[in-house]
Amino acid sequence: MAIIEVRQATKIFGPDPDSAIRLLDEGWSKERIYRERNHTVGVNNVSFTVEPGEIFVIMGLSGSGKSTLVRMLNRLIDPTRGTIAIHGRDIVKMNKESLLRVRREQISMVFQKFALFPHRTVAENVEYGLEVQGVAKAERRAKALEALRLVGLGDWANSLPSQLSGGMQQRVGLARALANDPDILLMDEAFSALDPLIRKEMQDELLELQVKMKKTIIFITHDLDEALRIGDRIALMKDGSVVQIGTPEEIMMNPANEYVERFVEDVDLSKVLTAASVMRRPETISLDRGPRVALQLMRESGISNLFVVDRGRKLIGVITADDASEAVRDGRSLEDIVIRDVPIVKPDLLLHQLFDICSTARLPVAVVDDNERIVGVIVRGAVLGALAGHPVQSESEMEEEVAVDVDVS
Amino acid sequence: MSMFPKLPLDEWIEDVVDGLVNNLEPVFNVVTVCIESVVHGIADLFHWIPALVLILLFTALAYYLGKWKFALFTVLGLLLIDNLGYWDHTVDTLALVLTSALISIVIGVPLGIWCAQSDKVRSVLTPILDFMQTMPAFVYLIPAVTFFGLGVVPGVIASVIFAVPPTIRLTNLGIRQVPEDLVEAADAFGSTRNQKLFKLQIPLAMPSIMAGINQTIMLSLSMVVIAAMIGAQGIGADVYGAVTQIKTGQGFEGGLAIVVLAIVLDRMTQNIVKRKRRGSNV
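About the thresholds
Residues numbered from 1 in each chain as written. Chains lettered and ligands numbered in written order. Predicted model: local features only at pLDDT ≥ 70, side-chain atom pairs only at ≥ 80, totals over all residues. Heavy atoms only, no water. Contact = heavy atoms within 4.5 Å. Buried area = accessible area lost by both parts, 1.4 Å probe. Salt bridge = Lys/Arg side-chain N within 4 Å of Asp/Glu carboxyl O. Polar contact = N/O pair within 3.5 Å; in protein donor to acceptor, adjacent residues only side chain to side chain. Helix = DSSP H or I, 4+ residues; strand = E, 2+ residues; numbered from the N terminus. Nonpolar A, V, L, I, M, F, W, Y, C, P; charged D, E, K, R; others polar. UniProt positions renumbered as here; feature names shortened; annotations may be inferred. Patch = residues over 30% accessible without salt bridge, like charges linked within 9 Å, V, L, I, M, F, W, Y side chains within 5 Å. Areas by Shrake-Rupley, 256 points an atom, 1.4 Å probe, with all protein chains shown as cover. Pairing = 2+ DSSP bridges. Axes fitted to C-alpha atoms, helices over the stretch in contact; angles between N-to-C directions. Buried < 20%, exposed > 50% of the residue type's maximum accessible area, 1.4 Å probe, protein only. Phe/Tyr/Trp six-rings, centres within 6.5 Å; stacked < 30°, edge-to-face > 60°. Expected span 1.5 Å × (residues − 1). Bend = angle between axes of the 7 residues up to and from the residue. pLDDT = per-residue confidence, 0-100.

Here we look at the interface of chain A and chain B
Phase 1 of the analysis: With 26 residues of chain A at the contact, the number on the chain B side is 19 residues.
Phase 2 of the analysis: Between chain A and chain B, roughly 1800 Å² of surface is buried when both sides are summed, and carbon and sulfur atoms account for 63% of that area.
Phase 3 of the analysis: A per-residue breakdown of the area chain A buries against chain B is headed by Phe117, His119 and Tyr128 of chain A, which together make up 26% of the total.
Phase 4 of the analysis: Arg71 of chain A is the salt-bridge partner of Glu184 of chain B, the closest N and O atoms lying 2.5 Å from each other.
Phase 5 of the analysis: Joining chain A to chain B, the criterion identifies eight residue pairs in polar contact (both at pLDDT 80 or more).
Phase 6 of the analysis: Looking at the side of chain A that touches chain B, the elements with two or more residues in it are α4 (96-105), β6 (107-110), α6 (128-133) and α8 (166-179) of chain A.
Phase 7 of the analysis: Broken down by element, the residue count for the side of chain A that touches chain B peaks at four residues, all from α6 of chain A.
Phase 8 of the analysis: Class assignment of the residues belonging to the side of chain A that touches chain B gives a composition of 13 nonpolar, six polar and seven charged.

A short note on the UniProt feature "domain: ABC transporter" (unreviewed entry) in chain A
Phase 1 of the analysis: In this numbering, the UniProt entry assigns the feature "domain: ABC transporter" (unreviewed entry) to residues 21-264 of chain A.
Phase 2 of the analysis: The straight-line gap between the two end C-alpha atoms of residues 21-264 of chain A is 32 Å; of that span, 44% is helix and 21% is strand.

Here's the deal with a nonpolar patch on the surface
Phase 1 of the analysis: On the surface, Leu7, Leu9, Trp12 and Ile13 of chain B cluster together to form a nonpolar patch covering roughly 440 Å² of accessible area.
Phase 2 of the analysis: Positionally, Leu7 of chain B belongs in the segment before α1 (9-23).

Considerations on the sheet that holds strand β12 (residues 305-309) of chain A
All names here are of chain A.
Phase 1 of the analysis: In space, the three strands of this open sheet follow the order β11-β12-β13, with mixed pairing throughout. At either margin of the open sheet sits one strand with a lone partner, and together these are β11 (284-286) and β13 (315-320). The average undirected angle you get between the axes of adjacent strands in this sheet is 35°.

Section: the side chain of Thr10 of chain A
All names here are of chain A.
Phase 1 of the analysis: Inspection of the secondary structure puts Thr10 in strand β1 (residues 4-13).
Phase 2 of the analysis: Look at Thr10 and you get buried, because its relative accessible area is 1%.
Phase 3 of the analysis: Looking at Thr10, its side chain comes within polar contact range of the main-chain nitrogen of Asn45, at 3.0 Å.
Phase 4 of the analysis: The contact partners of Thr10, leaving out residues within four places of it in the chain, are Ile21, Leu24, Val43, Asn44, Asn45, Met72, Pro79, Thr80 and Arg81.

A word on the packing of aromatic side chains
Phase 1 of the analysis: Applying the stated criterion across every chain yields a total of seven aromatic pairs over all chains.
Phase 2 of the analysis: Here Phe48 of chain A and Phe56 of chain A contribute two aromatic rings whose centre-to-centre distance is 4.9 Å and whose plane-to-plane angle is 15°, an arrangement assigned as stacked.
Phase 3 of the analysis: Here Phe147 of chain B and Phe148 of chain B contribute two aromatic rings whose centre-to-centre distance is 6.2 Å and whose plane-to-plane angle is 85°, an arrangement assigned as edge-to-face. In this pair, the class of Phe147 of chain B matches that of Phe148 of chain B, namely buried.

Some points on helix α8 (residues 152-176) of chain B
All names here are of chain B.
Phase 1 of the analysis: Given a rise of 1.5 Å per residue, 25 residues ought to cover 36 Å, and the 36 Å separating the end C-alpha atoms of α8 matches this to within 8%.
Phase 2 of the analysis: Roughly 40° is the biggest bend found in α8, and it falls at Ala163, with proline Pro165 one to four residues downstream.
Phase 3 of the analysis: Counted residue by residue, α8 has 20 buried out of 25 residues, so it is predominantly covered.

So, the confidence of the model for chain A
Phase 1 of the analysis: Here chain A shows a mean pLDDT of 85. Residues at 70 or above account for 92%.
Phase 2 of the analysis: Below pLDDT 50 for its whole length, residues 391-409 of chain A participates in 26 contacts with residues either more than four positions away or in separate chains.

Rendered as structure tokens:
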């Protein structure tokens, strides 16, 4: 049976949410309700179920309603309409006492900015949930220390949160959530405030812990990479609505609409970047020069190949340094040593189609335009750099340098 | 002169005051007895302890709360007061100020908490506090005398009315300034309202609350001379007497005693917060 069952949950912020919800039923858009009635639709008619032991990721950009949605799961925010069943019991209809019990025993929360109590030690923070339940001091301290050991902070029990690094603080946040031994963990952008390396580490640790604990985890994030890494299933949110729910593979392979598609595209840079965005300025020589000039040019630029072009910068072929020095000895011309079988690609070729050509080519890959004129050269390092997210030369820089090159040759 | 006759506001107020005096006299009597016994209790205790011993006690407290410089100032300042012959009156004044501060805290902190928990309460209370602070303090003396007669009690009452607003305001502010995500965390782990208040909000609001209490003590000290006009004992009476008889020297001595007392009380209350913060950072 599903452990969490959300049915048509809607949240509207404003002085008169009930009237706004009727307008929503009449088909008014979120924008129109905001413009004409000054009410904000935070979450719009969202339904989903979560199975025990699942990591369910809710992902969306800021303002998509994901934080509001997760806060409705423990009623930090009351839904305007809809039902939210935890273990089959609708928490929306619960009275204060039952709700307190659910919060104390079944659902814990980890916060984006850690939300540790600055005046309490690490151990006192971790045992807070047990303290408000009235658990005896010795017992709750023992459980807190156990939870701290679980996240690798056993030695820090008596420190204050301010003495810990961000990553350690969030481990304390996680330990505080685990100390109650809840069934459900709500993690609201729990790793977003951490720097990327620590974030990866925390993701791995969470997955490791999850193997042992088998909690049900609702994980909020705006980072698709994070969602794909840790989610068993992902719900994509936009403007308060869920756009698609599925496993990471399903979402990658069959994006439900353009919005999801755009999201998914962003993941794989090799499917977005083109040859033009990673190519470098080509060193060229015209065919009527001698091999000595070619060698000199190569020495000057510190490269071992030159592209041979005609007067109109049309690509003829490539010469190597070895061949050129041989030609100098034997008294041959460039015409005799030019290799005409050069791997060429068009500027708009996507990177992932480029990998194969690059990996097998012994010669540099030339980028030529529709008129067979050379516009750039692909260097393997630049491809890897672009995938790693390093900036590449801009188009205008490229053109400038090409123009200079024309003057030289 | 005018198309409309003057509103008989003064008569209405007097009617209300008369009505209160006639109907609530037993209540006022109880309040008078309570306040008098607190003031006299404190004053008697301080009078009973020999001046030098008390000065040493204050110095020790100053050293415990602050640095040796503050302790040095305390011992020299208080010895000067004793030397000038104002020790007994200073102790009377101290009793009056401490009583006002005590009553202000007992009333102000809970009101401040209530204010922080309800926007409605805040919107009602804020203009009342503004009124209390801006109305010239002398005005409170008149009904205070009507209700409580002459002496120290109406002085205490007027001081409290004048001095309680900072405690209410800064308690409210301190609690409202507790970061939202911490309040959310407390809620998410199933705290009741009181658990949230005592385990999170009040501890974090403590510096702000103490700043309010500090302000309250300073304001009630500023009421000392005014309270003397209706018969409250203490250095205030000396200063007031000096004013009526144009004795500049005596007025200055009395004023100096008040300044010393003010500085000692101010630094002590400020250092309580600092000391706490230092303690929690170790």
